[in-house]
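The chain contents come next:
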Amino acid sequence: IAEKLQNVFKKLTSRGKLSESDIKAAMREVKLVLLEADVNFLVVKKFIKELSAKAVGAEILESLTPGQQVIKLVRDELTELLGGKQSEIKLAGSPPTVVLMMGLQGAGKTTFCAKLAGYYKKKGKKPLLVACDIYRPAAIKQLHVVGEQVDVDVFDMGQDNASNIYREAAKYAMKLGCDMIIVDTAGRLHIDDEMMAELKELKKTSNPTETLLVLDAMTGQDAVNAATAFNDNIGIDGVILTKIDGDTRGGAAMSVRAVTGKPIKFVGVGEKLTDIEPFHPDRMASRILGMGDVMSLIEKAEASFEEKKAVELQKKIAKDQLTLEDFLDQMEQLQDMGSVSDILAMMPGGNKLKGLTVDEKQLERTKAIVRSMTREERLNPQIVNASRRRRISAGSGTTVQDVNRLLNQFEQMKKMLKQFSGKGGKRRGMMKFP
Ligand code: GDP
Ligand code: MG
């Protein structure tokens, strides 16, 4: 899917300006990607409509190619739709902070209660876990087990009434000096009136700082239905999306947010109690678009490139002043980042550059050749004529063919960098893409 999207963007990259038919074609692909990522059809329809309107009216930034422009637009819009900024759990002005956890059976409530308790314990809070899943004795035991694992107290009163349990738990929390009460509740396999009535009552009794709905990301449309039902009946402050470590693309996240308007606050990324992460809308947007590889490439490249150096390089590329010294530098940096062919494979259109491989031996040879050049030759490779090539190859213990190859590769790289850097260049390093 992501490949298809990249094809469209590649096509766009090769054209000058963003036309209406460009946008239409791109939107068609974006739509498919979203549907295949399991985003609700109506949500997709609305999103595409708004996006298209924005794309048509969008100001064309000089520094971006049309393809980059569309990617940026789609990603920005999707990020916005997923909540824009990261949304934290609200803490009570005067403690304790009360967090009420709701959701269908098997969504991951009990697990997440413990994860959250552990997360805030590490931040210096003193949480208390409260067992209000009164229907299954096993559920109470489960909370004790996970509570122990994160070293947090667990309060239970067996199968008493949930509101009663809460009242007693609140007193107990006061006595222990807990500043956070996390309430685990019962879920059913399906939404029913009895469950809603009970949760409503518990919400009234506990007056939670945060009422959170736990949703299993793998359940797609079911998660969307649950979100609507819980939000309409009880009212929620935010959503927890669990099991995004599975092979789901996370389309449910987009639907849930769009349908309820409530932020996703945390995600569960595994069965271990440390597998909890704050929700990052921008990362989820990339994941839904299937741009994970591109994003990790960008991060990898950013980590490896020194900012200042990269800026200088960018300027040189823009002015066509790249020297063989820079070339050598780049080759060494590429080597630092791991196998070049791996990196190229991660890039949209990267297979075009297969000729540019670096192995240890060749790098040594390249270094030797560059060192055998005069400074003038390094800065102006075009003056390296036949007799200079002979001298350089003799001096570096290589052949004239080796020198030719290097100079060709250098030209090739220069061209490629210029292509990727666009006009003016907002981007810093050669690998920053899109
Ligand atoms: P509850 O019925 O809502 O309380 O759900 P549980 O907390 O008992 O979790 C149901 C199952 O989902 C258990 O087997 C958990 O280990 C598993 N689970 C919960 N969260 C995650 C997660 O983020 N990733 C994965 N892979 N499994 C999870
Ligand atoms: Mg449970």
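Being a predicted model, the structure only gives us computed values, none of them experimental.

Right, let's get into helix α18 (residues 386-396). Along α18, the residues classified as buried are Arg 389, Ile 392 and Ser 396. Along α18, the residues classed as buried sweep out an arc of 65° about the axis, all on the same side. Relative to its buried face, α18 has exposed residues pointing more than 90 degrees away, namely Ala 386 and Ser 387.

What follows is about the pairing of strand β2 (residues 127-132). Of all the six residues making up β2, six are buried; the element is thus mostly covered by neighbouring parts of the structure. Alternating positions in β2 separate into two faces, Pro 127, Leu 129 and Ala 131 on one and Leu 128, Val 130 and Cys 132 on the other, with burial throughout. Direction of pairing for β2 relative to strand β4 (residues 180-185): parallel, over a ladder of six bridges. Looking across to β4, one finds that Pro 127 is bridged to Met 180. Crossover β2 to strand β3 (residues 153-155) through helix α6 (residues 137-149) is right-handed.

Let us now look at the site of ligand 1. Taken together, 18 residues are adjacent to ligand 1, and Gly 108, Lys 109, Thr 110, Thr 111 and Gly 268 come closest. Among the elements that make up the shell around ligand 1, the one with the highest residue count is helix α5 (residues 109-122) (three residues). Of the residues that constitute the shell around ligand 1, the class distribution is three nonpolar, 10 polar and five charged.

Rules used in this analysis
Residues numbered from 1 in each chain as written. Chains lettered and ligands numbered in written order. Predicted model: local features only at pLDDT ≥ 70, side-chain atom pairs only at ≥ 80, totals over all residues. Buried ≥ 20, exposed ≤ 12 C-beta atoms within 10 Å, placed from the backbone. Helix = DSSP H or I, 4+ residues; strand = E, 2+ residues; numbered from the N terminus. Arc of directions from axis to C-beta. Pairing = 2+ DSSP bridges. Right-handed = clockwise from strand over helix to strand, strands pointing away. Near = placed C-beta within 6 Å. Nonpolar A, V, L, I, M, F, W, Y, C, P; charged D, E, K, R; others polar.

Keep in mind these values describe shape, not function.
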